[in-house]
Amino acid sequence: MERSRARVASPASCLLASLSPGLAILPGRLMVTLRSVLFWALVYAYCGLCACRELLKLLWSLGTRPAKTFQWLIRENPPGCLNDPCWGTHCYVRIKDSGLRFHYVAAGERGKPLMLLLHGFPEFWYSWRHQMREFKSEYRVVALDLRGYGETDAPAQRENYKLDCLITDIKDILESLGYSKCVLIGHDWGGMIAWLAAICYPEMVTKLIVVNFPHPSVFTEYILRHPSQMIKSAYYYFFQMPWFPELMFTINDFKILKSLITGQSSGIGRKGCRLTAEDIEAYLYVFSQPGALTGPINHYRNLFSCLPLQHHEVTMPTLLLWGEKDPFMEVEMAEITRIYVKNQFRLTILSEASHWLQQDQPDIVNKLIWTFLKEESRKRE
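Cut-offs and rules
- Each chain has its residues counted from 1, running along the sequence as written.
- Predicted model: local features are reported for residues with pLDDT of at least 70 only, side-chain atom pairs are reported and counted for 80 or more only, and whole-chain, interface and lining totals are derived from all residues.
- The side-chain numbers reported here are obtained from all heavy atoms of the structure, hydrogens and water having been left aside.
- UniProt positions are given in the numbering used here, feature names are shortened, and annotations may be inferred rather than shown by experiment.
- The term salt bridge refers to a pairing of a side-chain nitrogen on Lys or Arg with a carboxyl oxygen on Asp or Glu at a separation within 4 Å.
- Strands are runs of DSSP state E lasting at least two residues, helices are runs of H or I lasting at least four, and both sets are numbered from the N terminus onward.
- The classification of residues rests on relative accessible area computed with a 1.4 Å probe and restricted to protein chains. Under 20% of the type maximum is buried, over 50% is exposed, and intermediate values are partly exposed.
- Here, nonpolar core means buried Ala, Val, Leu, Ile, Met, Phe, Trp, Tyr and Cys residues that are tied together by side-chain atoms lying within 4.5 Å of each other.
- Between two residues, a contact is recorded if the distance between any of their heavy atoms is within 4.5 Å.
- In this analysis, strands are considered paired if DSSP registers two or more bridges between them.
- Lines fitted to C-alpha atoms define the axes, with helix axes restricted to the stretch in contact, and inter-axis angles between N-to-C directions lie between 0 and 180 degrees.
- Each residue gets a pLDDT score, which is the predictor's confidence in that residue and runs from 0 to 100.
- Whether two aromatic rings pair depends on their centres lying within 6.5 Å, for rings of Phe, Tyr and Trp, where Trp uses its six-membered ring; planes under 30 degrees apart make the pair stacked, over 60 edge-to-face, and the rest tilted.
- Here, a charge over a ring is recorded when the distance from Lys NZ or Arg CZ to the ring centre is within 6 Å and its angle to the ring normal is within 35 degrees.
- Residues adjacent in sequence count toward polar contacts only when both atoms are side-chain atoms; beyond that, a polar contact is any pair of N or O atoms within 3.5 Å, and within protein one must be able to donate a hydrogen and the other to accept it.

You'll find the protein entered in an unreviewed UniProt entry as Epoxide hydrolase 4, with Podarcis muralis given as the organism. In its Sequence similarities (unreviewed entry) section, the UniProt entry covering the protein states "Belongs to the AB hydrolase superfamily. Epoxide hydrolase family."

Structure follows, in structure tokens:
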């Protein structure tokens, strides 16, 4: 069904209009310059505020727990769950153009339709374990470690983590696996990459499924219009700083990481499946390795230089799944996303689910994905 597309202004123009409507009468070149200055002033000002907040946390930790603040343990041996064959087979593929080696875990027979899974932050392939076991009966399911994560190569320069590079990775991996099309599923930051890959390479994606991330244009516009979302996305700004975010993640033996995935307000399993002690150790093993946090955080360090985003439309059938209790993303963005999908769009909001939807409510998520996939198949028949 064809849907009309609403015109959405760029992030800079939204900011400019809100600050001074009279600037709209200025000459074009000056207008562009002012928009750019205002946009980057906002980014760096908020980055500074976030850094000050984290510095206060560090000072508090030094004052209350000085002996433990800079103590963290590098886990030398992976927990058994990471090598459990029930999830699939660990594989590697080297991309010819970039020269990078990507790690992935694959389940299901070769030759079946490909289902490619893209994780978020701070996650890795293991976040899709429930879906790998579920969909391997009808798909070749591949859960990727994104560039810079886990056992995938991590280029040293932040320029190697621009959105163009991350999107091209998906196309190159697909081709290296011997496929021309796939069902593409992404969560959180992996959802951002999935949206953009579907926009840039529509012939490559038969169906798009995104978990808890709106269309990128919706996100970039909404965050500048709604201070509440800017506060929830404070880590995007904090991650613009060099080395300090990595330090903050390691203090008190990765306390922030543990809090993100197990905390009362943001953790996995608030109303659903809880992580086991071994699951938590798997996360700590991956992100405690030397340099393991820099690659993932570098994904965010080029984001603002890529705005505003172009080529908005998504042309394939799309399913958006959303946990309403997500402390990082406001649910209003989910409905606005409908504007940008020029095909069937199905939105399901789960009232008691968290940000980590595919781990928090795996049975419900799997059922919703099956329904979406089979519904489309019946329509073609």
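Chemist: Explanation requested: the pattern of salt bridges in the structure shown.
Modeler: It is possible for side chains of opposite charge to pair when their charged atoms get near one another. If you walk through the whole model with that rule in mind, you get 14 salt bridges. With a shortest N-O distance of 2.9 Å, D253 and R75 are connected by a salt bridge. Of the two residues, D253 sits in helix α9 (residues 244-262) while R75 sits in the loop between α2 (28-64) and β1 (89-94), which places them 178 residues apart along the sequence. Across the pair, exposure class does not vary: D253 and R75 are buried alike. A salt bridge links R75 to E281, with the shortest nitrogen-to-oxygen separation between them at 3.1 Å. Here R75, found in the loop between α2 and β1, pairs with E281, found in helix α10 (residues 277-287); they are 206 residues apart in sequence, far enough to count as distant. Each member of the salt-bridge network shares a partner with another, and the members are R75, D253, K258 and E281.

Chemist: Mind showing me how you'd approach the nonpolar core here?
Modeler: Soluble globular proteins: nonpolar side chains tend toward being buried together. Counting residues in hydrophobic clusters, the biggest one holds 122 residues, and the most contacted among them are L184, W189, L208, Y236 and Y237. Each residue touching W189, except ones within four places of it in the same chain, is listed here: H119, G120, F121, L146, L163, L166, Y236, H299, Y300 and L303.

Chemist: Is there a simple way to explain the environment of E109 in this structure?
Modeler: Topologically, E109 is positioned in the loop between β2 (101-107) and β3 (114-118). C-alpha separation for the pair E109 and S137, spaced 28 residues apart in sequence, amounts to 8.1 Å.

Chemist: How do you make sense of the sheet that holds β3 when you look at a structure like this?
Modeler: In a beta sheet, neighbouring strands pair by backbone hydrogen bonds and run either parallel or antiparallel. Spatial strand order, β1-β2-β4-β3-β5-β6-β7-β8: eight strands in an open sheet with mixed pairing. Edge positions in the sheet fall to β1 and β8 (345-350), since each of these pairs with one other strand and no more. Averaged over all adjacent pairs, the angle separating strand axes in this sheet is 20°, with direction ignored. Sheet analysis places β2 next to strand β4 (residues 140-144), joined by four bridges and oriented antiparallel. Following the sheet pairing, V105 is matched in β4 by A143. Of the strands in this sheet, β1, β2, β3, β4 and β5 (182-187) touch helix α4 (residues 163-176), which is tilted by about 145° from β3. Docked against the sheet, helix α5 (residues 189-200) engages β3, β5, β6 (205-211) and β7 (318-323), running at close to 145° with respect to β5.

Chemist: Any chance you could explain the confidence of the model for the protein here in plain terms?
Modeler: Residues shown with low pLDDT carry predicted positions that ought not to be read at fine detail. On average, the protein scores 89 in pLDDT, and the residues at 70 or more come to 89%. Below pLDDT 50 for its whole length, residues 1-25 participates in 43 contacts with residues either more than four positions away or in separate chains.

Chemist: Quick question: what am I supposed to make of the packing of aromatic side chains here?
Modeler: Two numbers describe a pair of aromatic rings. These are the distance of the centres and the angle of the planes. A complete count under the given rule lists 28 aromatic pairs for this structure. Arranged with centres 4.6 Å apart and planes meeting at 40°, the rings of W189 and Y300 form a pair that is tilted. With a gap of 111 residues between them, W189 in helix α5 and Y300 in helix α11 (residues 294-301) connect regions that are remote in the sequence. For the pair formed by W189 and Y300, the shared burial category is buried. Ring plane angle 80° and centroid distance 6.1 Å describe the contact between Y235 and F328, whose orientation is recorded as edge-to-face. With Y235 in helix α8 (residues 234-238) and F328 in the loop between β7 and α12 (332-336), this pair connects stretches of sequence that are 93 residues apart. Its end group placed over the ring of Y92, R101 keeps NZ or CZ at 4.1 Å from the ring centre. Sitting above the plane of the W370 ring, K374 keeps its charged end 4.8 Å from the centroid.

Chemist: Before we go on, may I ask you to explain the side chain of E54 in this structure?
Modeler: Residue position: E54 is located in helix α2. Separated by 3.3 Å, the side chains of E54 and R53 make a polar contact. In this structure, E54 is in contact with F238, F244, M248 and I256, ignoring residues within four places of it in sequence.

Chemist: Help me understand the side chain of H103, please; the structure alone is not making it clear to me.
Modeler: Along the chain, H103 falls in strand β2. According to the relative accessible area criterion, H103 is buried, its value standing at 0%. At 2.9 Å, the side chain of H103 and the side chain of H90 are in polar contact. Engagement of the side chain of H103 in a polar contact is seen with the side chain of D145, the distance being 2.8 Å. Those residues in contact with H103, other than ones at most four positions away along the chain, are H90, C91, Y92, W125, L144, D145, E151 and T152.

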